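# A look at the structure
Listed below, chain by chain, are the residues.
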Amino acid sequence: GENVEQHPSTLSVQEGDSAVIKCTYSDSASNYFPWYKQELGKRPQLIIDIRSNVGEKKDQRIAVTLNKTAKHFSLHITETQPEDSAVYFCAASAGKSTFGDGTTLTVKP
Amino acid sequence: NAGVTQTPKFQVLKTGQSMTLQCAQDMNHNSMYWYRQDPGMGLRLIYYSASEGTTDKGEVPNGYNVSRLNKREFSLRLESAAPSQTSVYFCASSAGTGAGEQYFGPGTRLTVT
């Protein structure tokens, strides 16, 4: 089955800095790669996703890149703000989704 | 639209007791999922239903059963609860399996003593 590895497990940045979270996957059939944000005590919510026919996607301060050859994809958050503090999960899907273990991002004011 | 709803929000069980977690969605989605979330381990798929009338095992199905009651409702049953099933359980739905956003319910925090 699919295996998704996510790094780092924790990330601390100063407000205004950039944050990068990386994921690798094993199943070359995976064709959909979403990123979810989960605030403390809340449900996960989609923040951005990318399909396998696209190499990069941006939405304001958030971007995702995908390297299908290397089987890895990354989340980039620029100009981080304290409200970006949360747990971020990547996932890879070839039908059903397999999630990474999450990255706890802390943005220090 | 309520989106995805789950009941109960909290539950404490003794080892060996049974219970059913309820999930409903009002978005006319075809696919529904049950996940468990343990500290440091992300979301692990227990069971999913690609469409009404079908269910399939996910990554961690042992100790659980599911029922897709109709297109809106997907329940998760613990027949004989064990301490290892202490977790937060999330139900989710999507328009279809594969490439599409999953919408999550608020979660059920279950403790088995």
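Data block above holds the structure.
The notes below deal with the structure included here.

Quick notes on the rules
- Residues numbered from 1 in each chain as written.
- Chains lettered and ligands numbered in written order.
- Predicted model: local features only at pLDDT ≥ 70, side-chain atom pairs only at ≥ 80, totals over all residues.
- Heavy atoms only, no water.
- Pairing = 2+ DSSP bridges.
- Helix = DSSP H or I, 4+ residues; strand = E, 2+ residues; numbered from the N terminus.
- Axes fitted to C-alpha atoms, helices over the stretch in contact; angles between N-to-C directions.
- Salt bridge = Lys/Arg side-chain N within 4 Å of Asp/Glu carboxyl O.
- Buried < 20%, exposed > 50% of the residue type's maximum accessible area, 1.4 Å probe, protein only.

Let us look at the sheet that holds strand 3 (residues 19-25) of chain B. All names here are of chain B. Strand order in the open sheet formed by 4 strands is 1-3-8-7, and the pairing between neighbours is antiparallel. Edge positions in the open sheet fall to strand 1 (4-7) and strand 7 (64-68), since each of these has one partner strand only. Across the sheet, the axes of successive neighbouring strands diverge by a mean angle of 20°, strand direction being ignored. Of the pairings in the sheet, the one linking strand 3 to strand 8 (residues 74-78) comprises 3 bridges and is antiparallel in character.

Glancing now at the pattern of salt bridges. One pass over the full model with this rule turns up 7 salt bridges over all chains. Two residues, aspartate 84 of chain A and arginine 61 of chain A, come together in a salt bridge whose shortest N-O distance is 2.9 Å. In this pair, aspartate 84 of chain A sits in the loop between strand 8 (72-77) and strand 9 (86-93) while arginine 61 of chain A sits in the loop between strand 6 (56-59) and strand 7 (62-67), placing the two residues 23 residues apart along the sequence. In this structure, arginine 44 of chain B engages aspartate 38 of chain B in a salt bridge whose closest nitrogen and oxygen atoms are separated by 2.7 Å. You'll find arginine 44 of chain B and aspartate 38 of chain B in the same group, each marked buried. The network of salt bridges with common partners includes Asp49, Arg51 and Lys57 of chain A.

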